[in-house]
Amino acid sequence: MSHLPVVILVVYLAAALGLIPLSKLKRFSPGWGALAVTSLALLLAIVSALFVGANGPYSLFPGGHAGQGIEIAVDWVAVLMHLTINLVGLLILVFSQGDLESELKRSYLPIYYAVYLLALFALNGLIMAGDLFNLYIFTEICSIAAIALVAIKPGKQCLQAGLKYMFLSALASGMILLGIGLVYMVAGELNIRALAEAIPQAFQTCPWNVYVAVSLIIVGFGIKSALFPLHLWLPDAHASAATPSSAIHSGLIIKMYIIAVARIIFQAFGPNLFGSIPAPKVILLLSTIGIFAGSVLALVQTDLKRMLAYSTVAQISYIIMGFALAVPAGIRGGLLHIVNHGLTKSMLFLTAGAIIYKTGIRRIEELRGIGFRMPLTTSIFSIGALSLIGFPGFSGFVSKYYLAFGALEAGKPIYVAVILASSLLNAVYYLPIVIRAFLGHKTGKFTWDQLPWPMTAAMTVLAAFNLYIGILPGGLLGLVKLAAAALLP
Amino acid sequence: MTATLNILLLLFLVVSAIIAVRCRDLLSSVIVFAAYSLVMAVLWQLQGAPYPAVALAIFGAGATPLLLLAAIRKTGGQE
Amino acid sequence: MMRKVVSLLAVALIGAVLIVALAKMPEFGGGTAFASLFLFLLGLYVMLTDSNLIKKVIGLNIMDTGIFLFFIALGYRSSTRGAAYMPSPLIFGGLAAVVSFTAIGLAMIVRLYKYYGTIDAEEIMRKRGEDE
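None of these values were measured; they are calculated from a predicted model. (Residues numbered from 1 in each chain as written. Chains lettered and ligands numbered in written order. Predicted model: local features only at pLDDT ≥ 70, side-chain atom pairs only at ≥ 80, totals over all residues. Heavy atoms only, no water.)

Asks: Tell me what's going on with the interface of chain B and chain C, and back it up with residues and numbers.
Replies: Of the residues lining the interface, 37 residues belong to chain B; the matching set on chain C comes to 34 residues. Taken as a group, Val21, Gln47 and Thr75 of chain B account for 21% of the area that chain B buries against chain C, more than any other trio of residues on that side. Seen at the junction of chain B and chain C, the total is zero salt bridges. At the junction of chain B with chain C, the criterion picks out four residue pairs in polar contact (both at pLDDT 80 or more). Looking at the side of chain B that touches chain C, the elements that each hand over two or more residues are helix 1 (2–22), helix 2 (26–46) and helix 3 (50–74) of chain B. With 11 residues, the single largest contributor to the side of chain B that touches chain C is helix 3 of chain B. Grouping the amino acids of the side of chain B that touches chain C by side-chain chemistry returns 26 nonpolar, eight polar and three charged. (Contact = heavy atoms within 4.5 Å. Buried area = accessible area lost by both parts, 1.4 Å probe. Salt bridge = Lys/Arg side-chain N within 4 Å of Asp/Glu carboxyl O. Polar contact = N/O pair within 3.5 Å; in protein donor to acceptor, adjacent residues only side chain to side chain. Helix = DSSP H or I, 4+ residues; strand = E, 2+ residues; numbered from the N terminus. Nonpolar A, V, L, I, M, F, W, Y, C, P; charged D, E, K, R; others polar.)

Asks: Which residues make up the nonpolar core, and what values do they have?
Replies: Residue and element names in this part refer to chain A. Within the largest apolar cluster, 276 residues are counted, with the highest numbers of intra-cluster contacts made by Met81, Met256, Phe323, Leu335 and Tyr430. It is helix 6 (residues 156–187) that provides the largest number of residues to this core, a total of 20 residues. Contacts of Phe323, omitting those with residues within four sequence positions, involve Ile258, Ala262, Phe266, Gly330, Ile331, Gly334, Leu335, Ile338 and Leu487. (Core = buried A, V, L, I, M, F, W, Y, C linked by side-chain atoms within 4.5 Å. Buried < 20%, exposed > 50% of the residue type's maximum accessible area, 1.4 Å probe, protein only.)

Asks: Go over the pattern of salt bridges, please, and point to the residues and values.
Replies: Residue and element names in this part refer to chain A. Summed over all chains, the structure comprises nine salt bridges over all chains. Note that Lys164 and Asp236 form a salt bridge whose closest N and O atoms lie 3.0 Å from each other. Of the two residues, Lys164 is situated in helix 6 and Asp236 in helix 9 (residues 234–240); the sequence distance between them amounts to 72 residues. For Lys164, a relative accessible area of 36% translates into the label partly exposed. Looking at Asp236, the relative accessible area reads 19%, which means it is buried. A salt bridge links Asp303 to Arg362, with the shortest nitrogen-to-oxygen separation between them at 3.0 Å. Of this pair, Asp303 sits in the loop between helix 12 (279–300) and helix 13 (304–324) while Arg362 sits in the loop between helix 14 (328–359) and helix 15 (370–373); the two residues are 59 residues apart in sequence, bridging distant segments of the chain. Look at the salt bridges and you will find they share partners, linking Lys164, Asp236 and Arg306 into a network.

Asks: Talk me through the side chain of Asn466 of chain A; I want residue IDs and the actual numbers.
Replies: Residue and element names in this part refer to chain A. Mapped onto the elements of the fold, Asn466 is located in helix 19 (residues 453–471). Asn466 sits in the buried class, given a relative accessible area of 1%. Among the polar contacts made by the side chain of Asn466, one reaches the side chain of Thr344 at a distance of 3.1 Å. Within the structure, Asn466 has its side chain in polar contact with the side chain of Ser395 (distance 2.8 Å).

Asks: Give a description of the interface of chain C and chain A that names residues and reports values.
Replies: The interface is formed by 42 residues belonging to chain C together with 40 residues belonging to chain A. Summed over both sides, the interface between chain C and chain A buries roughly 3800 Å², with carbon and sulfur atoms accounting for 81% of that surface. At the junction of chain C with chain A, the criterion picks out zero salt bridges. Run the count over chain C and chain A and you get three residue pairs in polar contact (both at pLDDT 80 or more). Elements with a contribution of two residues or more to the side of chain C that touches chain A: helix 1 (2–23), helix 2 (31–49), helix 3 (53–79), helix 4 (88–116) and helix 5 (121–131) of chain C. Among the elements that make up the side of chain C that touches chain A, the one with the highest residue count is helix 4 of chain C (15 residues).

Asks: Now, about the side chain of Glu103 of chain A: what can you tell me, with residues and values included?
Replies: Residues and elements named next belong to chain A. Tracing the chain through its elements places Glu103 in helix 3 (residues 76–103). Here Glu103 falls in the buried class, since its relative accessible area comes to 15%. Here Thr243 takes part through its backbone nitrogen, which lies 3.0 Å from a polar atom of the side chain of Glu103. Among residues more than four places away in sequence, those in contact with Glu103 are Lys153, Pro154, Ala242, Thr243 and Pro244.

Asks: Report on a positive patch on the surface, specifying residues and quantitative values.
Replies: Where like charges cluster on the molecular surface, the positive patch consists of Lys105 of chain A, Arg73 and Lys74 of chain B together with Lys114 of chain C. Within the secondary structure, Lys114 of chain C is located in helix 4. (Patch = residues over 30% accessible without salt bridge, like charges linked within 9 Å, V, L, I, M, F, W, Y side chains within 5 Å. Areas by Shrake-Rupley, 256 points an atom, 1.4 Å probe, with all protein chains shown as cover. Lys, Arg positive; Asp, Glu negative; His and termini not counted. Charge placed at Lys NZ, Arg CZ, Asp CG, Glu CD.)

Asks: Just give me the short version of unusual backbone geometry, but keep the residues and values in it.
Replies: All names here are of chain A. Even without a glycine there, the phi angle at Ala226 is positive, about 60 degrees. Within the fold, Ala226 resides in the loop between helix 8 (207–224) and helix 9. Its identity as a non-glycine residue notwithstanding, Ala326 has a phi of 55 degrees, on the positive side. For Ala326, the location among the structural elements is in the loop between helix 13 and helix 14.

See below:
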């Protein structure tokens, strides 16, 4: 039972490698094959979560030496993120059964699903990496799969966005590698647990090594997870990619890098060292600017997917802010927002994709009256919009409440004002879309959505999860509390 | 002896890197880059890292130039 | 032009910070480390400013080999003092990553060439401007 998380990785990798040869068979549909694999992984993740719930967190050491070398850490953070990744990944995959054939060439479908499974493999590995080597390798696999997911859609914009993403991502990888190497020079360890013991002493002898390493790792992961001034690749990539790619990017990939860097910072370097250097102040400042700049830029966009992409820049800044506050409540808020935003933003991208699939409309102005042509989709979009605004009773409210609570606990009440003011800004760009969609009635005709059933089902289930978390957050909160304690005891 | 060799190899690396990125003809650029990788592998071998040196000789001096050459062929080889 | 000046300033800034910070390290690897930093910065500069996309990829490769040389320089230095922390697994992982990035980047460049008939980033931007 304790090897279940590894089984998840093996299943994903085997499926990703086997999907392309298998798709040569006549009666094999790669989409449904990928769906079966992801469902199996979700099932395994649930069983693994129950196992951890019964027996407590544990670690696996494939290298054979407990406490050093390669480690697979199955703690509460990993459990929470496993559930999120596999659930959201599964629902996006369900949606793509209806949508993808309209966006990609038919011959690319098996490759797309294989790359998608590879991305899920890397994400599942990344969040339970207990040593820096594993973490680096999974980061790389994830980045490369992410680039491929953007660039696989035919079209000039996707290729240009993919190239920009590739160069920035490669730069970030170099920085992360240099940072990890510098840590290894002084500490002689790559295992996070062993590093936690070795770093205070190493910090005494060579503080500069540690400073440079921390800044390089933060900047590197900052590029990959689109921390504000480093977000340049994100709007192009998210706006031009195929809908399922945008959803998995915005919903999962960029957030898991934050988990990775939080593991390095809090578990290896320790919150004391992190607090003693100016890094948290800089990150807090940047994320504050990011929240406002992302919202303002989202406000001026005319393209629906591009607006959602800039909204992601703003929302990811909330998450980074929660972690940079470095207090338990802030980290709870950050983790909650990772889950909530993962569910919400992937849902919003899917609704945008459904609107594009049905009507071809991408411009926000033309969405007037869409609520009468696609009532279900528009209602689900409204749920997502209200959730991101932080309307009480929706999931976004719960995470923003905890973020504000974290700001108070850290003794920085200014950030409560930031959260309130930015919620107002969010309302300014989300609400007009919703209001126009339902009130800007032109033709007087009312029709049902008429989407393929997988698309409707995926969006409805995501909306149901959103409402459930908004109304009854108790279960998730309990899990998040345990996970936050694993990051910052 | 080793120190002199080190300095010579480093000089070669720096000069060939500059040539590889400033050269106007892409094909020569790739060839200089392959030489750069090979010398880099020799330097690593001298500095006591034999396994990374072999890996670099395979990837940096073998696979990457081949990929670059294929790409140049397909894009017409123009600057 | 503006872009080149800004990139040069940024690279110079990163270089200055790295050199100042690394010179304070007790295990600084001397000439080899300086050369590796130069290669890193050269690759970075080319990757940011060169308009030829394939040159950018070569710059990316030079940048990463610079990083690996830096590791080896520091490992070489400390191994003469008894403690050898040569991160060879990291170098293997890094090499594999660089080759993957190169391969996927070149594949994208070849496909972009089919749309625009050029591999020059500035020309592509101009043609894109004409399209819109």
